[in-house]
Amino acid sequence: MKPIFRAALAAIACACMAQFSGSASAQDAKPKHDEEAQSFVHGAPTDPSEAWTLAAGGRIYDNWWDALDRKKPASGHPSYPADGKGSGPNTWRCKECHGWDYKGRQGEYAKGDHYSGIKGIRGAQGRDPARIMAMLRAPLHGYTQEMIKDDELRRVALFVTKGQHDVDRLKDKKTGNPVGSSARGRALYQTTCAACHGFDGKLLNWGSKDDPAFIGTDSNKFPWEVLHKIRNSHTGIAMINFRALPMEDALAVLAYSRTLPRK
Ligand code: HEC
Ligand code: HEC
């Protein structure tokens, strides 16, 4: 594309963004992406590999409106249990009902701030993706075309049927911590993640100044969430993922991340 045309497009995009941020609260404001990043974050390749498809499905599982650049739901999911600890639009995220470990009430969401009381999705592994898609359109889940289009729904169905990992097999039996080679993780981290997160993981903070959330913080507090993000990327931003690499590499990055400063 000619640079001048690209600049014109960027100007249009900026005008839309300005309008958007004018009407939305600061909290809802989305990061601005230039044209290339926009297609990486919200678009799809013309010849999607299985690795790309499963990671894209994993991001829909995490937060479909950020992953797909859709409108965030205005209120909570009608099927979210009354005794669940979650509330509001977040209860539309698959992870809020089924967990980062995919084990629902059998896993980390058996108690605590995210208790949902709902079954996990581990048992759906290997099932026909078409059945999962039909189930996600049925009233219990109620995902409409406006929320998640068919080809996108297929990605998350494929993630469910062949993209999940079994956290019980990735844990140290005694400590319950994720296994992994921190020595190998150091090499991987320093040559990939560090470009954006810094060598000490403190360049990006998604917490607050007093209560920071760095890679080192979250990989200790929420290891299965961080593993999900290493395998699938974070939503709505141009972050890399390790889906095409062996699970050992993702676990190694996680192990090294756990050695980084938490504060
Ligand atoms: C508001 C809570 C909620 C959300 C959000 C939610 N689900 Fe579910 N899901 C349920 C409930 C309830 C069931 C039925 C569990 C049962 O049969 O006991 C279920 C069942 C499932 C099952 C079948 C599990 C099995 O073993 O048969 C799969 C797979 C599944 N959901 C995937 C997803 C995906 C993918 C998303 C996001 C696109 C999602 N769910 C979002 C509540 C939710
Ligand atoms: C191209 C830049 C880039 C690279 C490379 C990158 N990240 Fe990120 N990552 C980001 C950005 C931007 C965010 C969003 C931070 C925020 O919300 O403030 C993020 C967020 C995250 C989050 C969680 C945010 C949350 O809100 O829960 C985790 C965990 C994470 N990254 C881990 C990693 C790991 C591990 C690697 C290496 C495998 C990595 N990232 C590589 C840019 C990157």
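Residues numbered from 1 in each chain as written. Chains lettered and ligands numbered in written order. Predicted model: local features only at pLDDT ≥ 70, side-chain atom pairs only at ≥ 80, totals over all residues. Heavy atoms only, no water.

### Re the overall build of the protein
Each helix and strand in the protein was counted, giving 11 helices and 0 strands. If you list the helices and strands of the protein from N to C, you get α-α-α-α-α-α-α-α-α-α-α. Counting only residues that meet the buried cut, the protein has 43% of its 263 residues in that class. Across the protein, the fraction of contacts at a sequence separation of at least 24, relative to all contacts at a separation of at least 6, is 62%. Carbon and sulfur atoms form 57% of the exposed surface of the protein, whose accessible area is close to 14400 Å². (Helix = DSSP H or I, 4+ residues; strand = E, 2+ residues; numbered from the N terminus. Buried < 20%, exposed > 50% of the residue type's maximum accessible area, 1.4 Å probe, protein only. Contact = heavy atoms within 4.5 Å. Areas by Shrake-Rupley, 256 points an atom, 1.4 Å probe, with all protein chains shown as cover.)

### Examining a nonpolar patch on the surface
A cluster of nonpolar side chains, contributed by L203, L204 and W206, occupies part of the molecular surface with about 330 Å² of accessible area. Topologically, L204 is positioned in the loop between helix 8 (194–197) and helix 9 (215–221). (Patch = residues over 30% accessible without salt bridge, like charges linked within 9 Å, V, L, I, M, F, W, Y side chains within 5 Å. Salt bridge = Lys/Arg side-chain N within 4 Å of Asp/Glu carboxyl O.)

### A word on the coordination of the iron atom of ligand 2
Reference values for coordination geometry: four tetrahedral donors around a metal ideally subtend 109.5 degrees, six octahedral donors ideally subtend 90 or 180 degrees. Within the first shell, the iron atom of ligand 2 binds the protein through H197 (NE2) and M239 (SD), at distances of 2.0 to 2.1 Å. Geometry at the iron atom of ligand 2 is octahedral, judged from the 6 donor atoms that bind it and their angles of 87 to 179° at the metal. Residue H197 is found in helix 8, and its partner M239 is found in the loop between helix 10 (223–232) and helix 11 (247–257); the two are separated by 42 residues along the sequence. Judged by relative accessible area, H197 falls into the buried class, the value being 10%. (Donors = N, O, S within 2.8 Å, 3.2 Å for Na, K, Ca; no water. Tetrahedral: all angles 85-135°; square planar, octahedral: opposite > 155°, others 65-115°.)

### Side note on the packing of aromatic side chains
Considering all chains together, one arrives at 7 aromatic pairs under this definition. With a centroid separation of 5.6 Å and an interplanar angle of 50°, the aromatic rings of Y189 and Y256 are classed as tilted. Placement of the pair is Y189 in helix 7 (residues 182–191) and Y256 in helix 11, with a sequence separation of 67 residues. Each member of the pair Y189 and Y256 is classed as buried. (Phe/Tyr/Trp six-rings, centres within 6.5 Å; stacked < 30°, edge-to-face > 60°.)

### Section: the site of ligand 2
With respect to spatial proximity, 18 residues lie near ligand 2, and among them C193, C196, H197, I237 and M239 are the closest. A distance of 2.8 Å is found between a nitrogen atom of ligand 2 and a side-chain nitrogen or oxygen belonging to H197. For the shell around ligand 2, the secondary-structure elements that each account for two or more residues are helix 8 and helix 10. Among the residues forming the shell around ligand 2, the class breakdown is 13 nonpolar, 3 polar and 2 charged. (Near = heavy atom within 4 Å. Polar contact = N/O pair within 3.5 Å; in protein donor to acceptor, adjacent residues only side chain to side chain. Nonpolar A, V, L, I, M, F, W, Y, C, P; charged D, E, K, R; others polar.)

### Quick look at the environment of Y102
The residue Y102 is located in the loop between helix 4 (94–98) and helix 5 (129–137) in this model. When the C-alpha atoms of Y102 and V160 are compared, they prove to be 9.1 Å apart, with 58 residues separating the residues in sequence. Discounting chain neighbours no more than four positions away, the residues touching Y102 are Y61, G120, I121, R122, F159, Q164, H165 and H228. Reaching out from Y102, the side chain makes a polar contact with the side chain of H228 at a distance of 2.7 Å.

### A look at the packing of helix 3 (residues 50–68) against helix 10
Each packed pair of helices is defined by two parameters, the angle between the axes and the distance between the axes. Contact geometry of helix 3 with helix 10 gives a least axis separation of 8 Å together with a crossing angle of 140°. Regarding the angle of helix 3 to helix 10, the classification is oblique. Crossing angle aside, the handedness with which helix 3 passes helix 10 is left-handed. The segment helix 3 lies against helix 10, with L54, A55, G58, R59, Y61 and D62 engaging H228, K229, R231 and N232. (Axes fitted to C-alpha atoms, helices over the stretch in contact; angles between N-to-C directions. Parallel < 35°, antiparallel > 145°, perpendicular 65-115°, else oblique. Left-handed = near helix turned anticlockwise from the far one by under 90°.)

### Things to note about the site of ligand 1
In the vicinity of ligand 1, 22 residues are found, and the nearest of them are C94, C97, H98, M135 and H141. Within the side chain of K119, an N or O atom sits 3.4 Å from an oxygen atom of ligand 1. Between ligand 1 and R127 there is a distance of 3.1 Å, counted from an oxygen atom to a side-chain nitrogen or oxygen. Only helix 4, helix 5 and helix 6 (150–163) provide two or more residues apiece to the shell around ligand 1.

### Here's the deal with the pattern of salt bridges
On inspection of all chains with the given rule, the structure shows 11 salt bridges. A salt bridge links E50 to K162; the shortest N-O distance between them is 2.8 Å. Here E50, found in helix 3, pairs with K162, found in helix 6; they are 112 residues apart in sequence, far enough to count as distant. On the basis of relative accessibility, which here comes to 49%, the residue E50 falls in the partly exposed class.

Read these as spatial facts, not as claims about activity.
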